[in-house]
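Per-entry structural report
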Amino acid sequence: MGAALFQTLAVLLALTLYAVIVGRAVLHYLHMLQLNSYRNERYLRWLNEDLLKRIGPVSLLPLVALLFYWNSGLFFGIWIGGFLLLSLKRPKVPVKKPLVVTGRVKRLMAATFLIWLGASLLGLFPGATGLSPIPYFSLFLMLGLLLLLLPWLLVAANLLAVPVESTIARWYIGDAGKIINGMPGLLVVGITGSYGKTSTKFILNELLLSRYNALMTPGSFNTLLGVTRIIREKLKPIHDLFLVEMGAKQPGDIREICELVHPRYGLITTIGKQHLEMFKSLANIVKTKSELVESLPSDGIAFLNADDESFTEVRGRTQAKVVSFGVDSPGADYAAREIKYLANGLTALTLSLPNGETLLLETRLLGKNNIYNIVSAVAVAMELGVPENRIKATVRSLQPAPHRLNVKKSAAGITIVDDAFSSNPLGARAALDVLREIEGNRKVLITPGMVELGETEAEENRLLGAYAASRCDYVILVGIEQAKPIYEGLVSEGYPENQVYIAAHLNEANDHFAKISREGDVVLYENDLPDTYN
């Protein structure tokens, strides 16, 4: 009687702990699937990059315990004690962007649960044979296999959900299309590019507000479903202009958004190496970004960067009028000249206009990239009739978009340059130039480097390290493996090794900076990798 009661309690405790562990694991893998845009191929790439680390020892524990099935006490001891020990020792890494429990997440949880339940019932059926000292041996075996295979079960659930999700998405997109089509007087401006599109969108929105009742897609809502959501929830008949950021992870993404919103004006900021893992080549990126100007009507306007290497090719892909902007090219319609950094912290520039006149502008925004953002936004605003006096006043009062070269002062007298949103070769160099120019004592860089650059990623990070060597007094690299190419680049330029610290994660990097920093120092946070890189 005592042994039976012990076994019953052991079974209940083992199943309870198992349920807690599985619930936590389901939420973790769902989070990673969401961060990978629910795309199975990207999720599986993340999973396979470091498989043993991704699944962790907790996934193997039940099967290890079952090796001792001949002794129920030993089996339950390993199962229960192991789960308790691993739970207590679980590293607590802060989440940067938590799981958003959307309807899709709930549907995936339901699909996963049904798969789990069906398999568990199969395991329960032969469990009462009495062939093993462990009650319900086959059930425990099935539960162990399910936990081990959980990351792939989510892929199966995601595949099963495809018809439902596609039907729901089509209905939402169709409904958004009806709203757009019901506003024939609405002016739509599309913005895309490899870098600078979000900052440019914020600047352009500020410029347009003096003349238009404009709505812009917020933050990084730049996918087809993100734009769809904004149309359905935010776009109202009172709006006369819709400013749409268009992102892309593969060819066709921008064309889909254009088919929904029908832009009349299109701005491409800069085309460069970003998301090469998905695009494979710069030619594919040029082709994809060009989808915006290809969709413009003949009475529309395409705003293109004359300094961009792909300018001539992209210009040939549109039937719309082309207005160019730039900093270095002599023939741009809107061109920034005589850029000066003033003692009061402002940047002054002379903007040459298509009619031969000039416009003097001053801004608090830092870096050459922001000059491009301002010039391109001013070009669009002037073509849409915003008066010069409003443009001058607005440019002078502009504030940087969040996490894009934001400058703030800490209570300890440290100047913090926050450029953590993302990083690319051109943007990172521009940020390092700002770090060198900005007033302060020691210049410190904290970065994990750049990602999603495909086969060129290691080389680009080495070049980043070499470039940083002449601009930083101290470098804190984030990620033991991730940071190696940057470290190699620094060393190749003779950078003192005792002025480099490699941290395992951002928290450790911040702790180390707190120890070494002094009043008057300037620190640049260049890029902050998402949770999928933990």
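Whatever comes next refers back to the structure up there.
Anyway, here's the lowdown on the structure attached to this text. Here the structure is a predicted model, which is why all the values come from computation and not from measurement.

1. Concerning the pairing of strand 12 (residues 443-447)
- Most of strand 12 is tucked away: five of the five residues are buried.
- Of the two faces of strand 12, both are covered, the one formed by Lys443, Leu445 and Thr447 as well as the one formed by Val444 and Ile446.
- Of the pairings in the sheet, the one linking strand 12 to strand 15 (residues 522-526) comprises four bridges and is parallel in character. Considered in strand 15, the bridge of valine 444 is made with valine 523.
- Sheet topology note: the strand 12/strand 13 (residues 474-478) ladder contains four bridges and is parallel. Within strand 13, the residue paired with valine 444 across the bridge is tyrosine 474.

2. Comments concerning empty space enclosed by the protein
- Under the defined criterion, the tally for this structure stands at one cavity of 30 Å³ or more.
- Ile268, Thr269, Ile271, Leu304, Asn305, Asp308, Ser310, Phe311 and Val314 together form the lining of the largest cavity.
- Looking at the lining of the largest cavity, the elements that each hand over two or more residues are strand 5 (301-305) and helix 15 (311-315).

3. Considering the pattern of salt bridges
- Within this structure, the stated rule accounts for 19 salt bridges.
- For glutamate 362, the salt bridge goes to arginine 396, with nearest N and O atoms at 2.1 Å. Highlighted residues: glutamate 362 in strand 9 (residues 358-363) and arginine 396 in helix 17 (residues 388-397), separated in sequence by 34 residues.
- What you see here is one network of salt bridges that share partners, running through Arg255, Glu294, Glu313 and Arg317.

4. Details of the sheet that holds strand 8 (residues 347-352)
- Across the sheet, which stays open at both edges, the nine strands sit in the order 2-3-1-4-5-6-7-8-9 with mixed pairing between neighbours. A single partner strand is all that each edge strand has here, and the edge strands are strand 2 (214-216) and strand 9. Taking the axes of each pair of neighbouring strands and ignoring which way they run, one obtains an average angle of 20° across the sheet.
- In terms of strand pairing, strand 7 (residues 334-341) meets strand 8 through five bridges, oriented antiparallel. Its bridge partner lying in strand 8, alanine 336 is registered against leucine 351.

5. What about the environment of proline 448?
- Tracing the chain through its elements places proline 448 in the loop between strand 12 and helix 19 (457-469).
- Residue proline 448 is classed as buried on the basis of its relative accessible area of 7%.
- Through-space distance from the C-alpha of proline 448 to that of alanine 504 is 9.8 Å; in sequence the pair is 56 residues apart.

Criteria and cut-off values
- Residues numbered from 1 in each chain as written.
- Predicted model: local features only at pLDDT ≥ 70, side-chain atom pairs only at ≥ 80, totals over all residues.
- Heavy atoms only, no water.
- Buried < 20%, exposed > 50% of the residue type's maximum accessible area, 1.4 Å probe, protein only.
- Helix = DSSP H or I, 4+ residues; strand = E, 2+ residues; numbered from the N terminus.
- Pairing = 2+ DSSP bridges.
- 1 Å grid on protein atoms, 1.4 Å probe; cavity = no way out; pocket = protein on both sides within 12 Å on 5 of 7 lines; lining within 4 Å.
- Points joined across faces, edges and corners; volume = space filled by probe spheres on them.
- Salt bridge = Lys/Arg side-chain N within 4 Å of Asp/Glu carboxyl O.
- Axes fitted to C-alpha atoms, helices over the stretch in contact; angles between N-to-C directions.

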